[in-house]
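Each chain, written out:
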Amino acid sequence: MRPLNVIIIGAGLSGLACGIRLAAEGCRVKILEKNSFAGGSLGTFEVNGFQFNTGAEIITAPFLFDQLFECAGKHRIDSIKFLEVDPIFQAIFPSRNRFSFYKNPNETIQLNGLFSDADLIGFKNFSEASSSIFDEVFFDYCGSPVDETTFSLRSNLWFRRLNAQQSCQEFADKFFRSPELKQFFGFWPLLGGGNPRQESHLFRLVSQLFQRWGAAVPEGGMENLVNAIVSLFSASGGEILFNTEVSEIQIFNKTVSGVRLKDGGILQADLVISAADTAATYRNLIDIDRNRYNVVESAKQRPAGFSLFVYHIGTRCVLQERQELTPFNILFPENYDQFLDELFEQKVVSANPLMFLRMPSKTEALKTPEGTEALSLIVPVPNLESYDGWRYDSYAYRNRLLNLLQQYFVTDIRSNLIAESFFDPLAFQNRLGCYAGSVFSFQPTLQKSGEIRMANRSKDIRNLYLIGNGAHPGASMVGALLGAANTVELIKSDFADER
Ligand SMILES: Cc1cc2nc3c(=O)[nH]c(=O)nc-3n(C[C@H](O)[C@H](O)[C@H](O)COP(=O)(O)OP(=O)(O)OC[C@H]3O[C@@H](n4cnc5c(N)ncnc54)[C@H](O)[C@@H]3O)c2cc1C
């Protein structure tokens, strides 16, 4: 491959990982980032002495980070350490029953009191059924460069064989008797913007990811990981232009020639990779007055996924119930079905939502003042297409969440509050540039074509590639790293014959 001039839109994990890999192939890579900082949804900030991660916190499959460093001739461990977390999740139900999910299935069995004999067999069978197809789905589908042809082949042969249309919830229902375990083992699509009752049961393989490679957090917070990756990119010869927003991908004769910036400047490139939200890329960055593109039409028809309300809290005391909590807790609501109906069918903000409760002060990865506690609540809410009243309602929702949280604690959270900050869907839209504040991009629904996300090589715009949440294989840090690696393989094969 000749040394290509590459422009990447967005300095989140996807853009940085792709940039590092292309620089290692001898390309001249420029990343254009609209914000003054790198990392996108990965970052760490401080309020009143408390550190919180802005977005992602849980790392799995650390070998993917190791591979990224290795391709730039470095060892990840020399730049950033990962601290293991186990149990990985604790589910807390309205009955106050708890279920902890460990890396080792034997520990999950031994250390939980929730299993009946039938559920014990169900858990073993569920794990076995997931383990037996994991390699095929993870390495052959998620970890391979796929294009539209591969997608349709998969749909005809492979997805049909795996009965991929069956929903994650239906699949879990077959294995468990306890309604609480059914909820926990069906909930996986919620981690990537999907509906447990609608999205493919293949999402259950997220449980296998954790059973294979466990969970970890970066020492010193996500910002440390981002800094390590930015340094790696710069050392590889790549360049990041901050405060540089792309307003249009320039296309002539259905072939990309470069980008136009918000300030009017034009930059030329052999190819452009959008590591910004795929939905926003197709909807906002392509001039459809000049040409009609089927791929843009199909992107517009895909439903946008849900958004999040994230509320960070610092308390002046240690919680009395600290011992009973783990770093990552999932608080299931009184009426889980109603919550799913509200989020996916009625598309209204739920008064009794499912809440992810992270406790940064339990991981020792982040700084928390002595004798205090840090909590982050992450709540799925409809995207801005369905509800955009956050300008007025965010504070009221923050109050609602405090009240809900209080139901789980003896400690009076409200009167011990000494630090707080929240991000609503408007903040996600403005900060990350994601369409309608859909933090995981499109709803990850299996299409007839065999795609769950959109192809990494644009279907009808030459030399345009897409990575990140809305593109194959989808949201999460694992998705970002795999998508970047797959796309570089596609580019290498597309430009292999050019001298
Ligand atoms: C609250 C939250 C919690 C999460 N928790 C986890 C977790 O625990 N584990 C996990 O694996 N994943 C988690 N995720 C998902 C994970 O963070 C993302 O899937 C991943 O970081 C996406 O990276 P990305 O680079 O594709 O996109 P982003 O991080 O969104 O980066 C896109 C970048 O593009 C820039 N950009 C956008 N438009 C333009 C433009 N026009 N011009 C220039 N720049 C532009 C943005 O500013 C941004 O920097 C979480 C996400 C959120 C929001």
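Now for a description of the structure that goes with this document.

Reading guide: rules and limits
Residues numbered from 1 in each chain as written. Predicted model: local features only at pLDDT ≥ 70, side-chain atom pairs only at ≥ 80, totals over all residues. Heavy atoms only, no water. Pairing = 2+ DSSP bridges. Helix = DSSP H or I, 4+ residues; strand = E, 2+ residues; numbered from the N terminus. Axes fitted to C-alpha atoms, helices over the stretch in contact; angles between N-to-C directions. Contact = heavy atoms within 4.5 Å. Salt bridge = Lys/Arg side-chain N within 4 Å of Asp/Glu carboxyl O. Buried < 20%, exposed > 50% of the residue type's maximum accessible area, 1.4 Å probe, protein only. Near = heavy atom within 4 Å. Polar contact = N/O pair within 3.5 Å; in protein donor to acceptor, adjacent residues only side chain to side chain. Areas by Shrake-Rupley, 256 points an atom, 1.4 Å probe, with all protein chains shown as cover. Nonpolar A, V, L, I, M, F, W, Y, C, P; charged D, E, K, R; others polar.

**A few points about the sheet that holds strand β2 (residues 28–32)**
Logical step 1: Spatially, β9-β2-β1-β13-β19 is the arrangement adopted by the five strands of the open sheet, whose pairing is parallel. The outermost strands of the open sheet, each flanked by one partner alone, are β9 (239–241) and β19 (464–466). The sheet shows a mean angle of 20° between the axes of neighbouring strands, direction not considered.
Logical step 2: Packed on one face of the sheet, helix α16 (residues 477–494) meets β13 (271–274) and β19 and runs near 160° to β19.

**Focus: the pattern of salt bridges**
Pairs may arise between side chains of opposite charge once their charged atoms sit close together.
Logical step 1: Evaluation of the coordinates by the stated rule reveals 19 salt bridges.
Logical step 2: Put simply, glutamate 345 and arginine 197 hold a salt bridge, and the shortest N to O gap is 4.0 Å. On the criterion of sequence distance, the pair formed by glutamate 345 in helix α13 (residues 336–346) and arginine 197 in the loop between α8 (179–186) and α9 (205–213) is long-range, its members being 148 residues apart.
Logical step 3: Residue class for glutamate 345 comes out partly exposed when judged on its relative accessible area of 49%.
Logical step 4: Between lysine 492 and glutamate 489 there is a salt bridge, with its nearest N and O atoms 3.3 Å apart. Placement of the pair is lysine 492 and glutamate 489 together in helix α16, with a separation of three residues, close to one helical turn.
Logical step 5: Among the ionic contacts, a cluster of salt bridges with common partners joins Arg197, Asp337, Asp341 and Glu345.

**Observations concerning the site of the ligand**
Logical step 1: Lining the immediate environment of the ligand, one finds 33 residues, of which Ser14, Glu33, Ser41, Asn469 and Ser476 sit closest.
Logical step 2: Between the ligand and the protein, one listed contact pairs a nitrogen atom with a backbone N or O atom of lysine 34 at 3.1 Å.
Logical step 3: Between an oxygen atom of the ligand and a main-chain N or O atom of glutamate 57, the distance comes to 3.2 Å.
Logical step 4: Here the ligand, which alone exposes 1000 Å², has 92% of that area covered by the protein.
Logical step 5: At the level of secondary structure, the elements contributing two or more residues to the shell around the ligand comprise α1 (13–24), β14 (307–315) and α15 (425–432).
Logical step 6: If one sorts the elements of the shell around the ligand by residue count, α15 sits on top with three residues.
Logical step 7: Residue composition of the shell around the ligand, grouped by class: 16 nonpolar, twelve polar and five charged.

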